[in-house]
Amino acid sequence: MDLSRTSARRWLSPVPWGFALLAAASSLTYGGDHAVNAWASTNLANMGDHPVEALITSAFLFGADPWACLRGIALAGAILAFLVIRFGNMRAVALIAAGQVLGTLVSEGLLAARIAAGQADPALRTTLDVGPSYVIVSALAAVAVAGARRWHRWTALAALAMRAPHITSGLTTLGVTPVGHVTALSTGMLLAWGLRSSDARHRYLHRLTLRAVPLQTEERTNGRALST
């Protein structure tokens, strides 16, 4: 990857800035609106009624506290910028979308199974569950594994270490949020590792191609010389 092409231009990418602006507008406007949060919640009730809308809207609601909201958006914007610098816009969006979708599907699917088995309260189907945490955790994990620069990786690792108690709290009781966090983290790590490996293979093949071209040219030149 040519890092000289990525730094300044990708810091101005529409993905982190667009996410930050939409999140700030939606959170500061509707963060305290219970009806909006209830509609956007990625719980079992909404996933059975309007799953796509809930999955998208939930990721842009940071809560009602303006300062906490802005701090969270600043962190999310910076980490998304690191992700775009490494993987570009489309792959960065695909990666965080996978973290949000799989984090929700696995955690809510496990809850549905536990309710069906009589191991969880059916009232949990309508639990309020909004926020971008699956997006942020998957992005942090991806940057920690495959960030373009060392300080990007160390920043992501430090943020993950600071959030570890929150990420894993309640995991032993199979709580929806910690199960979703661990799923999103695993998704980010695995996808970033796969993309990094794919990029490495492409670079290797590209180098082989560049080396082969002069050899082929020399062989053709020598062949013409011998024929004359």
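Rules behind the numbers
- Residues numbered from 1 in each chain as written.
- Predicted model: local features only at pLDDT ≥ 70, side-chain atom pairs only at ≥ 80, totals over all residues.
- Heavy atoms only, no water.
- Core = buried A, V, L, I, M, F, W, Y, C linked by side-chain atoms within 4.5 Å.
- Buried < 20%, exposed > 50% of the residue type's maximum accessible area, 1.4 Å probe, protein only.
- Helix = DSSP H or I, 4+ residues; strand = E, 2+ residues; numbered from the N terminus.
- Contact = heavy atoms within 4.5 Å.
- Patch = residues over 30% accessible without salt bridge, like charges linked within 9 Å, V, L, I, M, F, W, Y side chains within 5 Å.
- Areas by Shrake-Rupley, 256 points an atom, 1.4 Å probe, with all protein chains shown as cover.
- Salt bridge = Lys/Arg side-chain N within 4 Å of Asp/Glu carboxyl O.
- Lys, Arg positive; Asp, Glu negative; His and termini not counted.
- Expected span 1.5 Å × (residues − 1).
- Axes fitted to C-alpha atoms, helices over the stretch in contact; angles between N-to-C directions.
- Parallel < 35°, antiparallel > 145°, perpendicular 65-115°, else oblique.
- Left-handed = near helix turned anticlockwise from the far one by under 90°.
- Nonpolar A, V, L, I, M, F, W, Y, C, P; charged D, E, K, R; others polar.
- Phe/Tyr/Trp six-rings, centres within 6.5 Å; stacked < 30°, edge-to-face > 60°.

### A look at the nonpolar core
Consideration 1: Residues Phe19, Phe62, Ile73, Leu83 and Leu140 are the most contacted members of the largest nonpolar core, which totals 41 residues.
Consideration 2: Among the elements of the structure, helix 2 (14-30), helix 6 (66-87), helix 7 (89-116), helix 8 (133-146), helix 9 (150-168) and helix 10 (176-227) are those that each provide at least two residues to this core.
Consideration 3: With ten residues, helix 8 is the single largest residue contributor to this core.

### Notes on the environment of Leu83
Consideration 1: Assignment of secondary structure puts Leu83 in helix 6.
Consideration 2: A relative accessible area of 1% places Leu83 in the buried class.
Consideration 3: Between the C-alpha atoms of Leu83 and Gly147, which are 64 residues apart in sequence, the distance is 6.9 Å.
Consideration 4: In contact with Leu83, other than residues within four places in its own chain, are Gly88, Ala92, Leu95, Ile96, Ala139, Ala142 and Val143.

### Things to note about a nonpolar patch on the surface
Consideration 1: Side chains of Val101, Leu102, Leu105 and Val106 sit close together on the surface and give an oily, nonpolar patch of about 290 Å² of accessible area.
Consideration 2: Mapped onto the fold, Val106 is located in helix 7.

### Examining the side chain of Arg114
Consideration 1: Position of Arg114 among the secondary structure elements: in helix 7.
Consideration 2: Among buried charged residues, Arg114 stands out as having no salt bridge; its nearest opposite-charge side chain is Glu108, 9.8 Å away.
Consideration 3: The contact partners of Arg114, leaving out residues within four places of it in the chain, are Gln119, Ala120, Thr173 and Leu174.

### Examining helix 9
An α-helical segment advances 3.6 residues per turn. Residues three or four places apart therefore align on the same side.
Consideration 1: Taking 1.5 Å per residue, 19 residues should reach 27 Å; helix 9 reaches 26 Å between its end C-alpha atoms and fits that length.
Consideration 2: Of all the positions in helix 9, only His152, Ala156, Ala159, Leu160 and Ile167 are classed as buried.
Consideration 3: Positive backbone phi, at 90°, marks Gly170, one or two positions downstream of helix 9.

### As for the packing of helix 8 against helix 9
Consideration 1: Between helix 8 and helix 9, the shortest axis-to-axis distance is 8 Å and the interhelical angle comes to 140°. One finds that helix 8 runs oblique with respect to helix 9. Viewed along their axes, helix 8 and helix 9 form a crossing whose handedness is left-handed. Packed against helix 8, whose contacting residues are Ser133, Val137, Leu140, Ala141, Val143, Ala144 and Val145, the element helix 9 presents His152, Arg153, Ala156, Leu157, Ala159, Leu160, Arg163 and Ile167 at the interface.
Consideration 2: Of the residues that constitute the contact of helix 8 with helix 9, the class distribution is eleven nonpolar, two polar and two charged.

### Considerations on unusual backbone geometry
Excluding glycine, most residues fall at negative phi; most peptide bonds, likewise, are trans.
Consideration 1: Unusually for a residue other than glycine, Leu174 sits at a positive phi of about 60°.
Consideration 2: Judged by its relative accessible area of 39%, Leu174 falls in the partly exposed class.

### A look at the packing of aromatic side chains
Consideration 1: Under the definition given, this model contains three aromatic pairs.
Consideration 2: Ring centres of Phe19 and Phe62 lie 6.3 Å apart, and the angle between their planes is 70°; this geometry places the pair in the edge-to-face category. Placement of the pair is Phe19 in helix 2 and Phe62 in the loop between helix 5 (51-58) and helix 6, with a sequence separation of 43 residues. For the pair Phe19 and Phe62, one class covers both residues: buried.
Consideration 3: These aromatic residues form a ring-pair network of at least three members: Phe19, Phe60 and Phe62.

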